[in-house]
Each structure stands twice: as structure tokens, then as C-alpha cells.
Amino acid sequence: MDVLRAVAVRLPCPQCGQRYEVTLAQILAAQEALRHDCLARGEVECEPLFHAPLLAHDLIEEFRGVWGRLDAAARAQGGELRIEAVPERS
């Protein structure tokens, strides 16, 4: 499982107030674009750039590493690590 595609940050839209999700993979992709000198002058020209500062790159990479270690430990026991859908709290 690609945990970075399975885990997302749910955010409110500043314009309409509805909520949308940005996966950890999308955040890393936005950060990568910035690192490679993306020529866009802001989120108006490149919406994904808006996502780059949501979470620290190092923190996402640390999460990926911990997930990998947990997954390996589960597999060593004949299991698999999963993410279950949990109903939202009101």
C-alpha cells in the first residue's frame, strides 16, 4: 500500500467553505516542484504549490519510514498493515 496516497489532510476551502482532501503524496509532489525551481508565480498559476507548505517534508518522510517499519513487522508475522475507514466525529 502506498500510504502517502492513502493518508490525506482534509481542509476547508477558503472561498466556499466546503472541505477537500490533499494526500501526503500531493504535498510531497508540490514540494518537489518547488525544489526543482518551478516557474509558477503562486497558486493562481499552479494550484498544487498551495499544498507545499501544509506539512513539513521531513515529517512526511519520517511517517513513510515508520509506516514501512510497521508494515514489515506485520508482514513478518504473516499479517498486513491496513488503514480502516473510521466514521467522522460530529
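Cut-offs applied
Residues numbered from 1 in each chain as written. Predicted model: local features only at pLDDT ≥ 70, side-chain atom pairs only at ≥ 80, totals over all residues. Heavy atoms only, no water. Helix = DSSP H or I, 4+ residues; strand = E, 2+ residues; numbered from the N terminus. Buried < 20%, exposed > 50% of the residue type's maximum accessible area, 1.4 Å probe, protein only. Contact = heavy atoms within 4.5 Å. Areas by Shrake-Rupley, 256 points an atom, 1.4 Å probe, with all protein chains shown as cover. pLDDT = per-residue confidence, 0-100. Salt bridge = Lys/Arg side-chain N within 4 Å of Asp/Glu carboxyl O. Axes fitted to C-alpha atoms, helices over the stretch in contact; angles between N-to-C directions. Parallel < 35°, antiparallel > 145°, perpendicular 65-115°, else oblique. Left-handed = near helix turned anticlockwise from the far one by under 90°. Nonpolar A, V, L, I, M, F, W, Y, C, P; charged D, E, K, R; others polar. Polar contact = N/O pair within 3.5 Å; in protein donor to acceptor, adjacent residues only side chain to side chain. Pairing = 2+ DSSP bridges.

Caption draft 1: The arrangement of the overall build of the protein in detail. Scanning the protein from terminus to terminus reveals three helices and two strands. Counting the 90 residues in the protein, one finds 21% classified as buried. Pairs at least 24 apart in sequence give 43% of the contacts found in the protein among residues at least 6 apart. Carbon and sulfur atoms make up 54% of the accessible area of the protein, which totals about 7000 Å².

Caption draft 2: Quick peek at the confidence of the model for the protein. Mean pLDDT over the protein works out to 87, with 88% of the residues at or above the 70 mark. The element-level mean pLDDT for the protein is lowest in helix α2 (residues 24–35), coming to 88, with helix α3 (residues 57–76) highest at 97.

Caption draft 3: Spatial organisation of the pattern of salt bridges. Within this structure, the stated rule accounts for five salt bridges. Notably, a salt bridge pairs arginine 82 with glutamate 84, separated by 2.8 Å at the nearest N-O pair.

Caption draft 4: Structural detail: the packing of α2 against α3. Look at α2 against α3: their axes get within 10 Å of each other, and the N-to-C directions meet at 135°. Between α2 and α3, the angle is such that the two are oblique. Crossing of α2 over α3 shows left-handed handedness. Across from Leu24, Ile27, Leu28, Gln31 and Arg35 in α2, the residues of α3 making contact are His57, Ile60, Glu61, Phe63 and Arg64. Split into classes, the residues belonging to the contact of α2 with α3 amount to five nonpolar, two polar and three charged.

Caption draft 5: Looking closely at the side chain of glutamine 31. With respect to the element layout, glutamine 31 can be found in helix α2. Residue glutamine 31 is classed as buried on the basis of its relative accessible area of 11%. Only 2.7 Å separates the side chain of glutamine 31 from the backbone oxygen of leucine 55, close enough to count as a polar contact. Once you skip the residues sitting within four places of it in the chain, glutamine 31 turns out to touch Ala52, Leu55, Ala56 and His57.

Caption draft 6: Quick peek at the pairing of strand β2 (residues 19–23). Sheet topology note: the strand β1 (residues 8–12)/β2 ladder contains five bridges and is antiparallel. Along β2, the bridge assignment pairs proline 12 with arginine 19. Following β1, the chain reverses through six residues before pairing antiparallel with β2; glycine 17 in that reversal takes a positive phi of roughly 85°.

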